[in-house]
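Residues per chain are reported as follows:
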Amino acid sequence: MADPSPASFGTQANALLRKNLTYQRKHIWTNVRLILVPLFLCLILLAIQHVMDALMKSVSDMAGDCKSNPNLSGGKCPIPNPPMLPPMLQIPQHELRSVKTDFLPYKDLPDKSCRGTMGGSCPVTILMTGDKQPLALSANIFSTSFAVNSSDLLPTLANNVLGTTIAADKNNYADPGLASGLPIYSIQPLCNANSTWPLSLEKIQTEVKCVQGLCLWRNNSADVNNELFKGSYRGNPAGITNEIAAAYDLMSTDKRNFNVTIWYNSTYKDEFSIGPVKLVRVPRSINLISNAYLKFLKGPGIRILFEFVKEVPKHATILNTDIASLLGPLFFTWVVLLLFPVILTSLVYEKQERLRIIMKMHGLSDGPYWLISYAYFLTISVLYVASLVIFGSVIGLKYFRLNTYSIQFVFYFIYLNLQIALSFLVSSIFSKVKTVTVVAYIIVYGSGLLGSFLFQKMLETQSFPEEWIVALELYPGFSLYRGLYEFSQYASRGSGMKWQDISDSGMGEVLCIMSIEWFLALIIAFYIDQVFSSGKHPFFFLNPSKKSSSIPSKPTVQRMDSKKVSIDMGKIDVSQEREKVQQLRNEGSAGHAILCDNLKKVYPGRDGNPPKMAVRGLYLDVPSGECFGMLGPNGAGKTSFISMMTGLLKPSSGTALVQGLDICKDMNKVYTSMGVCPQHDLLWETLTGREHLLFYGRLKNFKGSALTHAVEESLKSVSLFDGGVGDKPAGNYSGGMKRRLSVAISLIGNPKVVYLDEPSTGLDPASRKNLWDVIQRAKQNTAIILTTHSMEEAEFLCDRLGIFVDGALQCIGNSKELKSRYGGSYVFTMTTSSEHEEDVERLVSTVSPNAKKVYHLAGTQKFELPKNEVRIAEVFRAVEKAKSNFTVFAWGLADTTLEDVFIKVAKSAQAFISLS
Ligand SMILES: Nc1ncnc2c1ncn2[C@@H]1O[C@H](COP(=O)(O)OP(=O)(O)OP(=O)(O)O)[C@@H](O)[C@H]1O
């Protein structure tokens, strides 16, 4: 026997868990494939790593032995004694050097015609500010000739101010300015035409060219700044570049204080590429002004010689690249995000197929649903990521091995929770699996690509504002990317991330952001679910202690329009039903099975059409033990009515009480005593009939042997037991078998009210009869509302019937009452030859003076004979007499059928509606 009390939270959770586990067992290979994805990606990374290692090795082998062939350009060989290189000033290309323009009309700037000369004759400009002193200082900046002592070349080079237009390298083991083979420049106050000198430096043969150095005085640092700003090609409308080599602000310098501000050209420092910023050309500009000041103070014989720049010695470079650390952020962002579409489509599938609502209708509350669904997705996600980390570690990926495992666990755990909460949130917006799948995969691949090609660049640009980074990390895809990026950075450094690194890295902020978002997403998702799926009031949380209305509220006095009153005047039975309902409401009969009180449904108008009134104020009382049949033509509003009663739709106004519980306020409680067979079968294709019934049986609080017994009885009652049919997947069932299973589901657990929406559609006559017997047995302690188009079914099953047309009941009563009220006549048919038609009319008028001819066609005539004036024996006698006078080919006398009543009522109602 079923436990009469509703299933507890634990029982519902257990039912859903077992159903999900059974479902997963059937989809085990889908899960295995899912978990194999990260393993497969790890193997790809490993394969790329091996290929790269092999390539590096062959490059190293080609470089040969370091002793015989030391590679000074920073290759794999150690450099214990880095070379001493002459310090050089970065000077602009001649076509970019500063010239006089409309936007910089300084008279002392060279004319732009210097740019046109072959090889360029524009001077290299240096700007200065100061209290007249720079005039004196500027004279000391450049040497006036190029002079070297070839026997001691390098130190004597320091006497000259050398410059290059070639950008520096990241390190200074070799200067590209010297190694390029292009000329280097000696910057002098004045150059003779074509002054060039050969220069031989170790293995480097190059040429030194004279270039004029122009020191220009400006009033203040603001002027300098303005000139530099406008000199950028984006700083002026003409797009002309006017570069200077260096600028010095000496406004605060006097003979006792050397206070200088130096501008250097940041274009050459290359901060956007990976690796250290190039600043090796800056020291020379510092030396230039320092030396000039010293000479200014002490005279030309005193100088500061900046002889060499020298890089720190370096050990042999191990030429290997950790591919997992390099590609990790992108690859693993994709791997982790791949779970998002999986969870999302699963949630939306349940919504699209209405499986969630059918579970709810059979008593599954929101709490157990959320708990089990969440726990299930979390388990799958944790297993998935754990297999990634374990497998990656086993095959030796430093990305996983070096970073502390507990940090990895915390990071992935928080993100996976956030991802599940977001999936719940996003699933509330979408209702189609196809749409959500496309959107989810765009998010997966888009996040990875944007993270790699945009967000990572921003992270690596030191000047990018930190607040912007944090703002971008609010997008969960980027916070995931940031965390994975930090793991890759620490792994590629060889140390791995430790707990003490959390605050120094971006990991700390990412963990905070993700935790807050997880919490918020969960609350918002739950709120949306409660308001949209469970139909709660948007401010339901403001009144948590509100008691459910197990005592029905008094009916509200409804204003009825004149049209409705006039219709109801002609429908005594319908008016009586309304009065009965109002009386029951006033008496407060809490235990009544079903009581509909002025229930209305209006669909909003669409595409310019007016709103559609699908149910117009329905009053109905269905006590326990009664099967009420709702008949009506297509579009009458039957499904809208059932949908309101089962919580699929909210009534537009009015309400209904089920076992005393208001469907507008306590639908969740109503579900525990309700069974539903929807118009379309809502089944899991891979679960068997038995597994469906076990799940719903558990929801109805069946346990142990009682559950097994109930399921078997249920299978037998709908003929799905024999031959092991009940143990075959529902996806393999015929339409009729699915229908029978749906009915069995609706009846399991002896619910107090059952809604059957066209239950026998698609069944063969034998199965249908079988199903009717099941419903007959079930209705003993249950109130059943059944919609059907079959009059035979309605007559067989229903204790009372209502004919529903255009959203309103036209009549209500048992089939006999309806037939006598709306039929009230016999149908007499006779076929003779045409010349005897009048004889037949005379015959009919003798047995029934008020008979009405319905039609005549080629000798066949049909009459309606009022029952109150007809005696059947008299009709037989009259026919026998007629047969002796003329030939009667065929004749018949029939009582009115329910079908006749239905057609009559529907036709007259529609005629009335179209007239009014
Ligand atoms: N979502 C909707 N939006 C607008 N109108 C609707 C909507 N659903 C139903 N209707 C309209 O409401 C009326 C009642 O429809 P309903 O499906 O309840 O009728 P029914 O009696 O169940 O029909 P059937 O027997 O064909 O299932 C119809 O005119 C229908 O077009």
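Position numbers for residues count from 1 along each chain, tracking the sequence in the order it is written. Only residues with pLDDT of 70 or above have their local features reported here, since the model is predicted, and side-chain atom pairs are shown and tallied only from 80 upward, although totals for entire chains, interfaces and linings are computed over all residues. The basis for every side-chain value is the complete set of non-hydrogen atoms in the structure, without hydrogens or water.

The condition that has to hold: UniProt positions are given in the numbering used here, feature names are shortened, and annotations may be inferred rather than shown by experiment.
An unreviewed UniProt entry lists the chain under the name ABC transporter A family member 12-like isoform X2, with Raphanus sativus as the source organism. UniProt, in its Sequence similarities (unreviewed entry) section for the chain, records the words "Belongs to the ABC transporter superfamily. ABCA family. CPR flippase (TC 3.A.1.211) subfamily." Taken directly from UniProt, the Subcellular location (unreviewed entry) text for the chain runs: "Membrane".

1. Things to note about the overall build of the chain
The cut-off we apply is this: For the purposes of this entry, the term helix denotes a DSSP run of H or I that reaches at least four residues, the term strand denotes a run of E that reaches at least two, and both are numbered from the N terminus. Only protein chains enter the calculation, and the probe is 1.4 Å; a residue is then buried if its accessible area is under 20% of its type maximum, exposed if over 50%, and partly exposed in between. Pairs of residues are marked as contacts when any of their non-hydrogen atoms sit within 4.5 Å. Areas reported here follow the Shrake-Rupley algorithm with a probe of radius 1.4 Å; residue values treat only the protein chains shown as occluding.
A tally of helices and strands in the chain yields 30 helices and 22 strands. Taking all 916 residues of the chain together, the buried fraction comes to 49%. Counting contacts in the chain only where the partners sit at least 6 residues apart, residues at least 24 apart contribute 72% of the total. For the chain, the exposed surface amounts to about 43800 Å²; the carbon and sulfur share of it is 59%.

2. Observations regarding the site of the ligand
Threshold: A cutoff of 4 Å decides nearness: a residue is near a molecule or strand if any of its heavy atoms lies inside that distance of it. Each polar contact in these results corresponds to two N or O atoms within 3.5 Å; when the atoms are within protein, one needs to be able to donate a hydrogen and the other to accept it, and residues that are neighboring in sequence are counted only if both atoms are side-chain atoms. Amino acids are sorted into nonpolar (Ala, Val, Leu, Ile, Met, Phe, Trp, Tyr, Cys and Pro), charged (Asp, Glu, Lys and Arg) and polar (every other residue, Gly among them).
Not every one of the 14 residues close to the ligand is listed here, only the nearest: Gly 635, Gly 637, Lys 638, Thr 639 and Ser 640. In this structure, Gly 637 approaches the ligand through a main-chain N or O atom, which is 2.9 Å from an oxygen atom. Here an oxygen atom of the ligand sits 3.4 Å away from a polar atom, N or O, in the side chain of Gln 679. For the ligand, the accessible surface in isolation is 640 Å², of which the surrounding protein chains cover 67%. Those elements that place two or more of their residues in the shell around the ligand are strand S10 (612-622) and helix H20 (638-645). Looking at the shell around the ligand, the element that brings in the most residues is H20, giving three residues. Looking at the shell around the ligand, its residues break down into four nonpolar, seven polar and three charged.

3. Focus on the state of the cysteines
Just so we agree on the cut-off: Any two cysteine sulfur atoms lying within 2.5 Å of each other are counted as a disulfide.
A complete count under the given rule lists two disulfides for this structure. The disulfide bridge from Cys 114 ends at Cys 122, spanning 1.9 Å between sulfur atoms. On the sign convention where negative is left-handed, the bridge of Cys 114 and Cys 122, at about 95° about the S-S bond, is right-handed. Across this residue pair, the class does not change: Cys 114 and Cys 122 are buried. Paired through a disulfide, Cys 191 and Cys 210 show a sulfur-sulfur distance of 1.9 Å. Judged by the sign of its S-S torsion, about -80°, the cystine formed by Cys 191 and Cys 210 is left-handed. Taken as a pair, Cys 191 in the loop between strand S4 (184-188) and strand S5 (196-201) and Cys 210 in strand S6 (residues 204-218) lie far apart in primary sequence, 19 residues in all.

4. So, helix H14 (residues 433-460)
Stated formally: Residue count minus one, scaled by 1.5 Å, sets the expected span of a helix. In this scheme, the bend at a residue equals the angle between the axes fitted to the seven residues that finish there and the seven that begin there.
With 28 residues, H14 ought to run about 40 Å at 1.5 Å a step, and its terminal C-alpha atoms sit 38 Å apart, in line with that. At Gly 451, H14 shows its largest bend, some 45°. Restricting attention to buried positions, one finds in H14 the residues Val 433, Val 436, Ala 440, Val 444, Ser 447, Gly 448, Gly 451, Ser 452, Phe 455, Gln 456, Met 458 and Leu 459. On the buried face of H14, the contacting elements are helix H8 (323-337), helix H9 (339-352), helix H15 (466-473) and helix H16 (476-492).

5. As for the packing of aromatic side chains
Where we set the bar: Geometry of aromatic contacts follows a simple scheme: Phe, Tyr and Trp rings, the Trp one being its six-membered ring, pair when their centres are within 6.5 Å, and the pair is stacked under 30 degrees between planes, edge-to-face over 60, tilted otherwise.
Scanning all chains against the criterion turns up 29 aromatic pairs. Where Trp 684 meets Tyr 696, the ring centres are 6.4 Å apart and the plane angle is 35°; that geometry is what we call tilted. One end of the pair, Trp 684, is in the loop between strand S14 (674-677) and helix H22 (689-699); the other, Tyr 696, is in helix H22, with twelve residues separating them in the sequence. Arranged with centres 6.1 Å apart and planes meeting at 45°, the rings of Phe 828 and Trp 891 form a pair that is tilted.

6. Structural notes on the sheet that holds strand S19 (residues 825-832)
Quick note on the threshold: Only strands that DSSP links by at least two bridges are regarded as paired with each other. Note on geometry: axes are C-alpha line fits, over the in-contact stretch for helices, and angles between N-to-C directions span 0 to 180 degrees.
Ordered by their spatial adjacency, four strands build an open sheet running S20-S21-S19-S22, and the pairing between neighbours is antiparallel. Both edges of this open sheet fall to strand S20 (852-857) and strand S22 (888-894), since each of them pairs with a single strand only. Between one strand axis and the next, the sheet turns by 15° as a mean value, whatever way the strands run. In this structure, S19 lies alongside strand S21 (residues 860-866), joined through seven bridges in antiparallel fashion. Residue pairing across strands places Phe 828 opposite Phe 863, the latter belonging to S21. In this fold helix H28 (residues 837-847) packs onto S19, S20 and S21, with an angle of close to 10° to the strand it touches most, S21.

7. Examining the sheet that holds strand S17 (residues 800-805)
A sheet is described by the order of its strands in space; here six strands give the open sequence S14-S15-S16-S11-S17-S18, paired in mixed fashion. Every other strand in the sheet has two partners, leaving S14 and strand S18 (808-813) as the edge strands with one partner each. Here the strands of the sheet are splayed against their neighbours by 15° on average, with no regard to which way each runs. As judged from the four bridges shared by S14 and strand S15 (residues 753-757), these two strands associate in the parallel manner. Bridging across to S15, Cys 677 finds its partner in Leu 756.

8. Comments concerning the UniProt feature "transmembrane region" (unreviewed entry) in the chain
UniProt feature "transmembrane region" (unreviewed entry): in the numbering of this structure it lies at residues 28-48, 323-349, 369-397, 409-430, 436-455 and 507-528. The annotated region residues 28-48 carries 100% helix and 0% strand content, and the separation between its end C-alpha atoms amounts to 30 Å. Along residues 409-430 the backbone is 86% helical and 0% strand, and the end-to-end C-alpha distance reaches 31 Å.

9. Comments concerning the pairing of S19
In terms of residue burial, S19 counts as a mostly covered element, since six of its eight residues are buried. When S19 meets S22, the two strands line up antiparallel, connected through six bridges. Counterpart to Thr 832 in the pairing with S22 is Val 888.

10. Looking at the pattern of salt bridges
So the rule is basically this: Salt bridges, as used here, are contacts in which a Lys or Arg side-chain nitrogen is within 4 Å of a carboxyl oxygen on Asp or Glu.
Evaluation of the coordinates by the stated rule reveals 30 salt bridges. The residue Arg 356 makes a salt bridge to Asp 529 at a minimum N-O spacing of 2.9 Å. Placement of the pair is Arg 356 in helix H10 (residues 355-361) and Asp 529 in helix H17 (residues 507-533), with a sequence separation of 173 residues. Grouping residues by exposure puts Arg 356 and Asp 529 together as buried. With its nearest N and O atoms 2.7 Å apart, the salt bridge here joins Asp 727 to Arg 690. Of this pair, Asp 727 sits in the loop between helix H23 (704-717) and helix H24 (735-747) while Arg 690 sits in helix H22, and the two are 37 residues apart along the sequence. Judged by its relative accessible area of 43%, Asp 727 falls in the partly exposed class. Overlapping salt bridges bring together Glu 577, Lys 580, Asp 621, Glu 626 and Arg 800 as one network.

11. Looking at the packing of helix H1 (residues 9-26) against helix H11 (residues 366-394)
Definition in use: These descriptions rest on fixed angle ranges, namely under 35 degrees for roughly parallel, over 145 for roughly antiparallel, 65 to 115 for roughly perpendicular, and the rest for oblique. In this scheme, a crossing is called left-handed if the near helix is turned counterclockwise away from the far one by less than a right angle; it is called right-handed if the turn is clockwise.
Interhelical geometry of H1 versus H11 gives an angle of 40° and a closest axis separation of 9 Å. If you check the angle between H1 and H11, you find them oblique. Crossing geometry of H1 relative to H11 is assigned as right-handed. Each of Phe 9, Gln 12, Ala 13, Leu 16, Leu 17, Asn 20 and Gln 24 in H1 lies in contact with H11, whose residues at this interface are Gly 367, Pro 368, Tyr 369, Leu 371, Ile 372, Ser 373 and Tyr 376.

12. A few points about the nonpolar core
We apply this condition: Each nonpolar core is a collection of buried residues, namely Ala, Val, Leu, Ile, Met, Phe, Trp, Tyr and Cys, held together in the definition by side-chain atoms within 4.5 Å.
In terms of nonpolar packing, the biggest core is built from 158 residues, with Phe 411, Tyr 412, Ile 594, Leu 620, Phe 641, Met 645 and Tyr 755 touching the most fellow members. Once residues lying within four places of it in the same chain are set aside, the contact partners of Tyr 755 are Ile 594, Ile 642, Met 645, Thr 646, Val 658, Met 674, Gly 675, Val 676, Cys 677 and Ile 785. In terms of nonpolar packing, the next biggest core, distinct from the first, is built from 20 residues, Ile 91, Met 128, Tyr 185 and Ile 187 among them.

13. Describing a nonpolar patch on the surface
We apply this condition: Residues forming no salt bridge and having over 30% relative accessible area are the ones grouped into patches, like charges within 9 Å of each other and nonpolar side chains (Val, Leu, Ile, Met, Phe, Trp, Tyr) within 5 Å.
On the surface, a nonpolar cluster with roughly 490 Å² of combined accessible area is contributed by Ile 516, Phe 519, Leu 520, Ile 523 and Ile 524. Mapping Ile 523 onto the fold places it in helix H17.

14. Overview of the environment of Pro 198
As for its position among the elements, Pro 198 is in strand S5. Through-space distance from the C-alpha of Pro 198 to that of Lys 209 is 8.8 Å; in sequence the pair is eleven residues apart.

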